[in-house]
Amino acid sequence: MTRAFNFSAGPATLPESVLRQAQEEMLEWNGAGASIVEMSHRGPEFMAVAAQAEADLRRLIGIPDDYAVLFLAGGATTQQALLALNFAQPGQTVDYVLTGHWGKTAIKQVSPYVTVNVAASSEANGFHDIPARASWQLSDDAAYVHITANETIHGVEFRDTPDVGEVPLFADFSSSIASEPLDVSKYGLIYAGAQKNLGPVGVSVVIVRRDLLERSGQPRADIFDYGSHVARDSMLNTPPTWNWYLAGLVFQWMLAEGGVEEFARRNAVKSGLIYGAIDQSGGFYRNEVVPAARSRMNIPFFLPDDTLNARFVSESKAAGLLALKGHKAVGGIRASLYNALPVEGAQALAAFMRDFQQRNG
Ligand SMILES: *Cc1c(COP(=O)(O)O)cnc(C)c1O
């Protein structure tokens with residue numbers, strides 16, 4: 001068996017040791033006579049797995065006690081819609097800072113319920129930058145301000161947490177959570193689909209300041225109510241137990257590897273290798289994002305023409321470098337460098353890029 005280096009944007013590569021442990025535990029978990037995926041979510045076995053995963057995530061990210069942590073089905077897109085239902089009155093204004101594709105999705109999901117003020121947008125320049133905080137037109141009475149911490153498709157990332165005063169800051173961290181130290185206390189709410197940096201698709205993590213759960217929001221069924229999920233420890237209905245378990249193994253792996261400080265170091269090394277190969281290519285490879293806003297997680301880049309883009313994708317795949325085709329909204333190539341992608345993967349890609357340029361430049 002040869003596991004290739006997998007640059008998929010999501011669902012994304014997982015640590016090999018985690019997959020091996022899951023494989024070992026697939027038929028029987030911990031002497032229980034059954035797999036964890038075959039047991040009741042309310043039984044002592046899964047309850048312990050769930051509690052351990054939450055405790056490990058709290059330690060990994062440094063989540064203060066006045067924040068609740070939820071493990072929910074539905075993906076990041078579902079959380080985007082729930083933000084309006086839980087935290088804004090019908091028709092109330094919410095402020096969104098638009099820096100790419102996923103910011104657009106976030107706006108689309110709340111538009112039936114609230115009045116969206118796009119406080120700042122980089123759409124006119126092709127989503128190549130983060131608008132300066134001083135240019136944001138925030139509302140006086142917004143229920144919250146929403147940002148996308150890392151735009152997975154456009155490859156732009158907030159490198160600082162913006163100060164929005166007393167209004168709670170909500171952030172989509174789907175593609176950069178646990179990639180570096182994070183000051184949770186600067187946010188009202190953080191959400192992330194697991195399938196980029198945390199584990200398998202099918203579970204989302206929501207980190208919410210508890211006082212915000214007292215907001216009345218909008219009429220909604222309890223299955224859409226974060227407070228009800230908190231009250232029932234994310235077990236209001238059957239949670240995605242397998243995904244939760246596997247994410248828990250990823251949290252343990254990240255802690256054992258040295259935690260978010262170590263991943264910040266590795267992610268800087270990995271992204272530095274790829275941006276280096278781009279910037280030293282004399283224009284053969286092109287990344288269009290303003291350097292200060294470049295993502296460490298997702299790097300879109302272009303070759304001189306589409307024939308070369310296509311050749312790069314097929315030859316890299318043959319060389320054991322998977323899933324480098326760019327998203328259709330942007331085209332070109334995209335390398336995703338999540339925590340579970342080893343430094344050796346970025347080294348192999350940078351070497352491949354130099355070799356490909358020599359042969360085709
Ligand atoms: C992948 C992604 C989403 C969508 O996640 P789903 O789980 O498919 O709903 C939202 N935001 C960002 C930043 C993403 O990377």
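The protein carries the name Phosphoserine aminotransferase in an unreviewed UniProt entry, which gives Stenotrophomonas rhizophila as its organism. For the protein, the Subunit (unreviewed entry) comment in UniProt is given as "Homodimer."

Enquirer: Explain helix α3 (residues 75-87) here, please?
Expert: Every α-helical turn comprises 3.6 residues, leaving residues that sit three or four positions apart pointing alike. Given a rise of 1.5 Å per residue, 13 residues ought to cover 18 Å, and the 19 Å separating the end C-alpha atoms of α3 matches this to within 8%. The principal kink in α3, of about 25°, is found at Ala 81. Where α3 is concerned, the buried positions are Ala 76, Gln 79, Gln 80, Ala 81, Leu 82, Leu 83, Ala 84, Leu 85, Asn 86 and Phe 87.

Enquirer: It is not clear to me how the domain arrangement of the protein should be interpreted in this structure. Could you clarify?
Expert: By a frequent convention, interface size equals the accessible area lost on bringing the separate parts together. Along its sequence, the protein is carved into domain 1 (17-256) and domain 2 (259-360). Computed over C-alpha atoms, the centres of domain 1 and domain 2 are 27 Å apart. Across the contact, 24 residues belong to domain 1 and 24 residues belong to domain 2. Summed over both partners, the interface of domain 1 with domain 2 comes to about 2100 Å²; 57% of that surface belongs to carbon and sulfur atoms. Where domain 1 packs against domain 2, one counts two salt bridges. Among the salt bridges present, the one from Glu 180 reaches Arg 296, with a minimum N-O distance of 3.4 Å. In this assembly, domain 1 and domain 2 are joined by 15 residue pairs in polar contact (both at pLDDT 80 or more). At the level of secondary structure, the elements contributing two or more residues to the side of domain 1 that touches domain 2 comprise β6 (150-151), β7 (156-157) and α6 (241-257). If you tally residues by element for the side of domain 1 that touches domain 2, the top one is α6, at three residues.

Enquirer: Looking at this model, I keep getting lost on the pairing of strand β8 (residues 169-172). Mind explaining?
Expert: Walk down a regular strand and you will see the side chains alternate between the two sheet faces. In β8, alternate side chains face the same way, and those of Leu 169 and Ala 171 on one face and Phe 170 and Asp 172 on the other are all buried. One ladder, built from four bridges, connects strand β5 (residues 145-148) with β8; its direction is parallel. Bridged to Thr 148 within β8 is Asp 172. For β8 and strand β9 (residues 189-193), the ladder comprises three bridges, and the chain directions are parallel.

Enquirer: Explain the site of the ligand here, please?
Expert: Near the ligand the following residues occur: Gly 75, Ala 76, Thr 77, Trp 102, Thr 148, Asn 150, Thr 152, Asp 172, Ser 174, Ser 175, Gln 195 and Lys 196. Within the contact set of the ligand, an oxygen atom lies 2.4 Å away from a side-chain nitrogen or oxygen of Thr 152. In this structure, Lys 196 approaches the ligand through a side-chain N or O atom, which is 2.6 Å from an oxygen atom. For the ligand, whose accessible area on its own is 380 Å², the fraction buried by protein is 87%. Residue contributions to the shell around the ligand peak at three residues, all from α3. When grouped by side-chain class, the residues that make up the shell around the ligand number two nonpolar, eight polar and two charged.

Enquirer: What is the right way to look at helix α9 (residues 343-360) in this model?
Expert: Taking 1.5 Å of rise per residue, the 18 residues of α9 would be expected to cover 26 Å, and the 26 Å separating its terminal C-alpha atoms lies within 8% of that figure. Among the residues of α9, those classed as buried are Val 343, Gly 345, Ala 346, Leu 349, Ala 350, Phe 352, Met 353, Phe 356 and Asn 360.

Enquirer: Is there a simple way to think about the sheet that holds β8 in this case?
Expert: Strands in a sheet are paired, the pairing made by backbone hydrogen bonds, and the direction either parallel or antiparallel. Read from one edge to the other, the open sheet built from seven strands follows the order β2-β10-β9-β8-β5-β3-β4, with strand pairing classed as mixed. Looking along the sheet, the strands with just one partner apiece sit at the ends: β2 (67-72) and β4 (115-121). The mean angle between the axes of side-by-side strands here comes to 20°, regardless of whether they run parallel or antiparallel.

Enquirer: Whenever I open this one, a nonpolar patch on the surface confuses me. Can you help?
Expert: A contiguous nonpolar surface patch, about 300 Å² in accessible area, is contributed by Met 26, Leu 27 and Val 37. Among the secondary structure elements, Leu 27 is positioned in the loop between α1 (16-25) and α2 (44-61). Residue Leu 27 is classed as exposed on the basis of its relative accessible area, which comes to 74%.

Enquirer: Is there a simple way to explain the UniProt feature "domain: Aminotransferase class V" (unreviewed entry) in the protein in this structure?
Expert: As annotated by UniProt and renumbered to match this structure, "domain: Aminotransferase class V" (unreviewed entry) occupies residues 5-349. For residues 5-349, the helix share is 33%, the strand share is 16%, and the end-to-end C-alpha distance is 9 Å.

Enquirer: I tried to follow the UniProt feature "binding site: pyridoxal 5'-phosphate" (unreviewed entry) in the protein on my own but got confused; where do I start?
Expert: As recorded in UniProt, the sites labelled "binding site: pyridoxal 5'-phosphate" (unreviewed entry) are Ala 76, Thr 77, Trp 102, Thr 152, Asp 172, Gln 195, Asn 237 and Thr 238. For this annotated set, covering 163 residues, the C-alpha atoms extend up to 30.3 Å from each other, a dispersed arrangement in space. Position of Thr 77 relative to the elements: it lies in helix α3. Beyond its immediate chain neighbours, meaning those up to four positions away, Thr 77 contacts Trp 102, Thr 105 and Gln 109. Position of Asn 237 among the secondary structure elements: in the loop between α5 (226-231) and α6. Ignoring sequence-local partners within four residues, the contact set of Asn 237 consists of His 41, Ile 223 and His 229.

Enquirer: What is the right way to look at the packing of aromatic side chains in this model?
Expert: Considering all chains together, one arrives at 19 aromatic pairs under this definition. Ring plane angle 40° and centroid distance 5.2 Å describe the contact between Trp 242 and Tyr 245, whose orientation is recorded as tilted. Placement of both Trp 242 and Tyr 245 in helix α6 is noted, with a separation of three residues, approximately one turn of the helix. The partly exposed category is assigned to Trp 242, whose relative accessible area is 22%. Given a relative accessible area of 3%, Tyr 245 falls into the buried group. Directly above the ring of Trp 102 sits Lys 196, whose terminal nitrogen or CZ lies 5.6 Å from the centroid. Over the ring of Phe 263 we find Arg 266, and its NZ or CZ is 5.0 Å from the ring centre.

What counts, and at which threshold
- Residues numbered from 1 in each chain as written.
- Predicted model: local features only at pLDDT ≥ 70, side-chain atom pairs only at ≥ 80, totals over all residues.
- Heavy atoms only, no water.
- UniProt positions renumbered as here; feature names shortened; annotations may be inferred.
- Helix = DSSP H or I, 4+ residues; strand = E, 2+ residues; numbered from the N terminus.
- Expected span 1.5 Å × (residues − 1).
- Bend = angle between axes of the 7 residues up to and from the residue.
- Buried < 20%, exposed > 50% of the residue type's maximum accessible area, 1.4 Å probe, protein only.
- Domains from an automatic or database assignment.
- Contact = heavy atoms within 4.5 Å.
- Buried area = accessible area lost by both parts, 1.4 Å probe.
- Salt bridge = Lys/Arg side-chain N within 4 Å of Asp/Glu carboxyl O.
- Polar contact = N/O pair within 3.5 Å; in protein donor to acceptor, adjacent residues only side chain to side chain.
- Pairing = 2+ DSSP bridges.
- Near = heavy atom within 4 Å.
- Areas by Shrake-Rupley, 256 points an atom, 1.4 Å probe, with all protein chains shown as cover.
- Nonpolar A, V, L, I, M, F, W, Y, C, P; charged D, E, K, R; others polar.
- Axes fitted to C-alpha atoms, helices over the stretch in contact; angles between N-to-C directions.
- Patch = residues over 30% accessible without salt bridge, like charges linked within 9 Å, V, L, I, M, F, W, Y side chains within 5 Å.
- Phe/Tyr/Trp six-rings, centres within 6.5 Å; stacked < 30°, edge-to-face > 60°.
- Lys NZ or Arg CZ within 6 Å of the ring centre and 35° of its normal.

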